[in-house]
Amino acid sequence: MSLIHQALVFDSATVFLAAAVPFVAEGVHRGDSVLAVTSDENETLLREELGADAGRVTFLPASGWFDSPGRTLDAHHRRIDALPNPTGLLRVLGEPVWAGRDSLETSEWGRYESVMNVALADARAWLMCGYDTRSLPAAIVDDARRTHPALAVGPQSEVSSAYADPASYYAAQNQSLMERPAHDVELLPEFTEMAAVRQFVADHAVSLGVPAERLDDFTLAVNEVATNAIRHGAGRGEVRLWATERRVICEIVDRGSATDNFLGFLRADPQAGQGHGLWIARQICDLLEMRTNGPGTTVRLHIRRE
């Protein structure tokens with residue numbers, strides 16, 4: 001079994017239910033692990049249509065499940081790892097949350113949808129992702145056709161003619177990072193060991209808006225990325241911290257060149273001695289950006305402001 005990843009594009013409750021109900025009901029009857037992570041309105045419709053079978057479905061709030069790309073990817077892995085039936089699947093009927101996202105968040109969630117095709121390629125999972133054309137911008141719906149290999153049409157599946165290879169999609173999304181602010185940027189111009197980096201974060205992060213209860217985790221994420229900079233970036237790097245209206249951003253720049261488009265999105269072998277740093281950082285942070293431009297890599301770690 002390999003991943004099935006479908007987009008369900010719908011413009012009415014009827015179209016939504018025509019695909020969602022057979023998908024969920026088949027999973028229940030097969031003994032699959034079935035999650036429904038939809039809008040409140042669609043959860044109500046599903047419960048009504050499923051009747052007694054609704055009690056065998058795990059309903060979760062979309063705002064919690066689609067909290068950050070890294071944590072959502074990890075949540076899928078954990079559910080797949082915990083499958084009790086060796087022939088069963090994880091089935092997720094999900095509606096990603098797009099309302100209230102800024103342009104960067106929207107871009108990163110599109111990247112997440114594409115990367116799922118690589119990160120879970122061999123997983124026992126069937127994901128059906130709902131896109132409501134009544135409320136979503138056309139650009140997001142069009143993008144869904146590029147990030148999902150298949151389209152759910154009633155109980156059937158059709159190939160998405162617009163589907164883009166994840167590596168090509170990832171490259172197209174790798175536009176230049178937003179300019180740093182001209183003012184109010186804290187700078188550690190050079191580091192060659194980790195104590196200085198951790199102290200720099202401790203000195204400035206909370207005053208910029210990092211919630212105090214998340215400071216230790218944020219410091220850990222920065223530490224993991226800075227350690228990579230020392231190992232793979234000529235033994236040194238520089239760190240900056242600043243705040244936007246929504247997030248605090250830590251930027252780490254080194255002289256190394258990353259060649260893997262999907263660094264931090266692919267879970268490392270638990271037995272491996274290295275390769276876990278960016279994966280850990282993606283779990284902690286609300287967003288993580290990485291760009292390589294010639295000799296030099298820039299990683300930006302974002303955390304929501306208090």
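It should be emphasised that the depicted structure is a prediction, and the values quoted were computed from it without experimental measurement. (Residues numbered from 1 in each chain as written. Predicted model: local features only at pLDDT ≥ 70, side-chain atom pairs only at ≥ 80, totals over all residues. Heavy atoms only, no water.)

J.: What is the right way to look at the overall build of the protein in this model?
T.: Helix and strand counts for the protein come out as ten helices and twelve strands. Taken against the 2.2 N^0.38 rule, which gives 19 Å for 306 residues, the C-alpha radius of gyration of the protein at 21 Å falls within 12% of a compact globule. If you line up the protein on its principal axes, its C-alpha atoms span 60 × 40 × 40 Å. Going through the 306 residues of the protein one by one, you find that 52% of them count as buried. (Helix = DSSP H or I, 4+ residues; strand = E, 2+ residues; numbered from the N terminus. Rg over C-alpha atoms; globule rule 2.2 N^0.38 Å. Buried < 20%, exposed > 50% of the residue type's maximum accessible area, 1.4 Å probe, protein only.)

J.: Even after reading the chapter, I still don't get the pattern of salt bridges, so can you show me in this structure?
T.: Close approach of charged atoms allows side chains with opposite charge to pair. Going through the model one piece at a time under the given rule, you end up with 24 salt bridges. Linking R236 and E190 is a salt bridge whose minimum nitrogen-to-oxygen distance equals 3.0 Å. In this pair, R236 sits in the loop between helix 9 (215-232) and strand 9 (237-243) while E190 sits in strand 8 (residues 186-191), placing the two residues 46 residues apart along the sequence. Measuring nitrogen to oxygen at the nearest pair gives 3.5 Å for the salt bridge that ties E251 to R240. A residue pair is termed long-range when its members are at least 10 positions apart, and E251 in strand 10 (residues 247-254) and R240 in strand 9 qualify at eleven residues. For R240, a relative accessible area of 14% gives the class buried. Salt bridges sharing partners connect three or more residues here, namely D67, R71, R214, D286 and R304. (Salt bridge = Lys/Arg side-chain N within 4 Å of Asp/Glu carboxyl O.)

J.: Mind showing me how you'd approach the packing of aromatic side chains here?
T.: The relative placement of two aromatic rings is captured by the distance of their centres and the angle of their planes. In total, this model carries six aromatic pairs according to the counting rule given. Arranged with centres 5.4 Å apart and planes meeting at 70°, the rings of F23 and W126 form a pair that is edge-to-face. Here W126 lies in strand 5 (residues 125-132) and F23 lies in helix 1 (residues 13-30), a separation of 103 residues in the sequence. Here the two residues F23 and W126 agree in accessibility, since each one is buried. Consider the rings of F66 and W109, whose centres lie 6.1 Å apart with planes at 75°: the pair is edge-to-face. Linking F66 in the loop between helix 3 (62-65) and helix 4 (69-81) with W109 in helix 5 (residues 103-119), this pair joins segments that are 43 residues apart in sequence. Judged by its relative accessible area of 5%, F66 is buried. For W109, a relative accessible area of 4% gives the class buried. These aromatic residues form a ring-pair network of at least three members: F66, W109 and Y112. Positioned above the aromatic ring of Y170 is the side chain of R111, whose terminal nitrogen or guanidinium carbon lies 4.3 Å from the ring centre. Here the guanidinium or amino end of R282 rests over the ring plane of F265, the centre of that ring lying 3.7 Å away. (Phe/Tyr/Trp six-rings, centres within 6.5 Å; stacked < 30°, edge-to-face > 60°. Lys NZ or Arg CZ within 6 Å of the ring centre and 35° of its normal.)

J.: In this structure, what is going on with the environment of L8? I would like to understand it.
T.: Turning to its location among the elements, L8 is positioned in strand 1 (residues 4-10). You can call L8 buried: its relative accessible area is 1%. Placed 142 residues apart in sequence, L8 and A150 show a C-alpha to C-alpha distance of 8.9 Å. Leaving out residues up to four positions away in the same chain, L8 has contacts with V15, F16, A19, A20, M128, C129, G130, Y131 and A152. (Contact = heavy atoms within 4.5 Å.)

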